[in-house]
Every structure is written in C-alpha cells, then in structure tokens.
Amino acid sequence: MGRVTEVRCAVIGYGGAFNMGKHHADMMERTGVMKVVAVCDVDPKRLEAAKSELPGVRTYLSVDELLAKEDFDLAAIVTPHNTHAPLALKCLKAGKHVIVEKPMCLTVKEATAMIEAAKQKGVMLTVYHNRHWDGDFMAIREVVEAGLIGEIFHVEMFGGGYHRPGPWWRSDKAISGGLFYDWGAHYLWWLLQLIPHPIQSVVGAFHKLKWHDVTNEDHVQAIIRFANGTIADVQFSTIAAAGKPRWFILGTEGAIVDRWEGKFSVHYFVNGIRAETQVPYKESRWFEFYRNVANHLLHGEELAIKPEQARRVIAIMEYAERSAKQGGKALPIPYEQL
Ligand SMILES: NC(=O)c1ccc[n+]([C@@H]2O[C@H](COP(=O)([O-])OP(=O)(O)OC[C@H]3O[C@@H](n4cnc5c(N)ncnc54)[C@H](O)[C@@H]3O)[C@@H](O)[C@H]2O)c1
C-alpha cells in the first residue's frame, strides 16, 4: 500500500432501523483520517436523511452509479445480509477497500470469493465484528486468559425467548440467511475467540414449528466439536418459553455463568475450597475497530478482524443448517481439516 494520508469513504446502506449507516459515518470521521464523501442507498428517503445528517455528502441510488461516478477508497457495506457478498464483490473488484457489516455473507463460497477478490486487488477486506470489543466479552476473555477456570471443555450459549418475529427483512430467510445470522454472528465470533482450536465438526438442529407467517426458523442449534475435544452448544430461539444463561462455560478448574446482567459469576476453587465471585463488565470500546482500520491502511498495523476468521463464523452457520437437513450428521468444515 502506498503512502496514504486520507481515506475517502462511502457508506452503502443508510438504514433507519438502528441508524447503522450514520454510526459507521460517525466512526469514520472520528478517526480524523477517514472522510465520508458519499452515501448510497436504494431508498431515496434514506438519502435525504444522509444529506441532512452529513452535510456536503454526495448521494447515489445504486452501487453501480456510486462506483461509476465517485472517487473513493473504501466502502462500508451496511445493508441486509443477502446483499453483503454481491455488493462487496463489486466494490472489491473495483479496487476499493471494504468493511462489511456482520454477518460477512451467507455462505463459505461467498466468503472465499470475497477473500480472493481482495487478495487479487491488494485491498483490505474486514468485517464489522464490533462486539469483539464489548465490555462483557472483554471481561469474560480476561478471566479465561488469566486461567481462573482452567482449560475450557464445554460451552453453552443461548439467545432469544418466546416471541412472534416482527414483519421485517430480519425475519425473511431469503434476505436474512435465517435466525442464526443476526445475533449468531456475534455469539460465534465470541466463541471462536475463546476456543483457539480448529473445528472438527458441526451438528445442527433446526425447527420450524410455530411462526408460519415468517420464513426464518423458530429455533436453531449448532453443536460444534473442536479438535481438542471441547464441545459448544449454541442456540437461538423464538419459541423458548424458558430461558438459559447467555454463557455457561465449564473449565477444568471452574465455571463462568453470564445472564447479561452487567456482571457474570465465576465459580472456582481456592486451596480446594469452592468460591464464587461476581465480575462486572468492562466499558465497551467499539471505536477500536475503526482505529485499527485507519492505522492498518495508513501505517500497516495488523488488521484486528481478518476475513478468514469471519469466514469461520459463516461456516458454522452454513454447516449447521446442512447438518440439520441431513438428520443431524456431524459435518467437517472443508478448510478446517486437521
Ligand atoms: N454490528 C452491529 O452492532 C449491528 C447492529 C445493527 C445492524 N447491524 C447490521 O447492519 C446491517 C444493516 O442492518 P440495519 O439494521 O441497518 O438494516 P436497515 O434495514 O435499517 O438498513 C438497511 C439499508 O440498506 C438499504 N439497502 C438495501 N439494499 C441495498 C442495496 N442493494 N444498495 C444500497 N442500499 C441498500 C436499505 O434501503 C436500508 O436503508 C445488517 O448486516 C445488520 O446485521 C449490525
């Protein structure tokens, strides 16, 4: 990469659900070296919002038009899940650096095509796994890395409850990728940070039993077996009438239980005596993502969120579904062979 002093950025997808396009634009500007020059959205109303919130920004109704008319270096793709791969590929092939929102895409094949396109053009590809810097996750990781619970051998993770999904694109499987692909992308990223071993196999169980007015599954489960024997059981549900902890982590010397309540409990032993302590969450530091991207592009700092790692998240979700369709067969992930 040549000597760069400013990164001209385009935000693709300026949605109103959580104002995520605005969030990306704000983070870019906060780096002091990334400048938002353009916003692209297929909805003219959202372009009006962008114009009033980001004075001076140029707006485009399609990525083709953006690529044809605008001079920029980096695109942040903040659109519904099924568009991530096609839009990212267009931008990468046009020689733009790309930040894509989570989930990276829907399939391993798409992820690999994105990784290869970035390599071919010598540009950056990364995924907005901002929750890598969530205060709760950083605190849990610190306790694990300090060795307080020993070697992890069993993890259970749970998200959801009992509720009819709303009538938005997140409930439409063809667009969202399914129930797993929203929060699952965050949970699986966390899991893969805690268990630094290759994935041996994935078993899936998917249920569609109750909410027939939407196409997402009602309940999804992936059981992941790692090469060192660790088992993780990750579930999301919209038909779980009783909840479970978000994290239930068993180690050889202790355990962690977290219910997303501002603190988590650590169970451990001191001279053979059982002890329990509550650990408060740390402050979240999402800006770290953009600080790292800016320093990567300008000063060659190592990229924190590598696309090959983000592809492993996609692989678990895709292979869990494939396994479910094959009656729960344990499936290896092709590139994770031991
Ligand atoms: N990392 C996080 O903390 C976090 C939080 C919320 C959402 N997200 C992710 O952000 C992404 C967007 O979600 P959202 O809640 O902002 O959705 P949204 O529906 O509010 O916004 C999506 C926007 O994309 C636009 N769009 C759709 N297709 C497009 C295309 N082909 N070209 C240009 N624009 C297009 C839509 O018009 C809409 O304005 C998803 O991947 C979601 O998972 C991440």
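Residues numbered from 1 in each chain as written. Predicted model: local features only at pLDDT ≥ 70, side-chain atom pairs only at ≥ 80, totals over all residues. Heavy atoms only, no water.

Draft legend 1. Quick look at the pattern of salt bridges. The final tally for this structure, using the stated rule, is 26 salt bridges. Where Asp-71 meets Arg-8, a salt bridge forms, and the shortest distance between an N and an O atom there is 3.1 Å. Of the two residues, Asp-71 sits in the loop between helix H3 (63-69) and strand S4 (74-77) while Arg-8 sits in strand S1 (residues 7-12), which places them 63 residues apart along the sequence. Using a relative accessible area of 27% as the deciding quantity, one classes Arg-8 as partly exposed. A salt bridge links Lys-69 to Glu-65, with the nearest nitrogen and oxygen atoms 3.0 Å apart. In this pair, Lys-69 and Glu-65 are both assigned in helix H3, four residues apart and thus about one turn of the helix distant. Taking relative accessible area as the criterion, Lys-69 reaches 58% and is therefore assigned exposed. Overlapping salt bridges, with partners in common, bring together Lys-173, Glu-217, Glu-321 and Lys-325 in one network. (Salt bridge = Lys/Arg side-chain N within 4 Å of Asp/Glu carboxyl O. Helix = DSSP H or I, 4+ residues; strand = E, 2+ residues; numbered from the N terminus. Buried < 20%, exposed > 50% of the residue type's maximum accessible area, 1.4 Å probe, protein only.)

Draft legend 2. Geometry of the nonpolar core. Within the largest apolar cluster, 110 residues are counted, with the highest numbers of intra-cluster contacts made by Leu-74, Met-104, Met-114, Phe-180, Leu-191, Ile-224 and Tyr-290. Both of domain 1 (7-129 + 287-303) and domain 2 (132-284 + 315-325) provide at least three residues apiece to this core. (Core = buried A, V, L, I, M, F, W, Y, C linked by side-chain atoms within 4.5 Å. Domains from an automatic or database assignment.)

Draft legend 3. Spotlight on the packing of aromatic side chains. If you walk through the whole model with that rule in mind, you get 16 aromatic pairs. Geometrically, the ring pair formed by Phe-18 and Trp-168 is tilted, given 6.3 Å between the ring centres and 50 degrees between the ring planes. One end of the pair, Phe-18, is in the loop between S1 and helix H1 (20-30); the other, Trp-168, is in the loop between strand S7 (152-160) and helix H7 (173-176), and 150 residues separate them in sequence. Taking the relative accessible area as the measure of exposure, Trp-168 reaches 40% and is therefore partly exposed. Arranged with centres 6.0 Å apart and planes meeting at 45 degrees, the rings of Tyr-128 and Tyr-290 form a pair that is tilted. Taken together, the positions of Tyr-128 in strand S6 (residues 125-128) and Tyr-290 in helix H9 (residues 287-299) put the pair 162 residues apart, joining distant regions of the chain. (Phe/Tyr/Trp six-rings, centres within 6.5 Å; stacked < 30°, edge-to-face > 60°.)

Draft legend 4. Looking closely at the environment of His-163. Within the secondary structure, His-163 sits in the loop between S7 and H7. Residue class for His-163 comes out partly exposed when judged on its relative accessible area of 38%. Along the chain, His-163 and Ala-241 lie 78 residues apart, while their C-alpha atoms are 8.8 Å from each other.

Draft legend 5. Just the packing of helix H6 (residues 135-145) against helix H8 (residues 183-194), in detail. Taken N-terminus to C-terminus, the directions of H6 and H8 make an angle of 20 degrees; their axes are 11 Å apart at the nearest point. One way to sum up the angle between H6 and H8 is to call them roughly parallel. Between H6 and H8 lies a crossing whose hand is right-handed. Where H6 approaches H8, its residues Asp-136, Phe-137, Ile-140, Arg-141 and Val-144 are matched on the opposing element by Trp-190, Gln-193 and Leu-194. Here the residues of the contact of H6 with H8 sort into five nonpolar, one polar and two charged. (Axes fitted to C-alpha atoms, helices over the stretch in contact; angles between N-to-C directions. Parallel < 35°, antiparallel > 145°, perpendicular 65-115°, else oblique. Left-handed = near helix turned anticlockwise from the far one by under 90°. Contact = heavy atoms within 4.5 Å. Nonpolar A, V, L, I, M, F, W, Y, C, P; charged D, E, K, R; others polar.)

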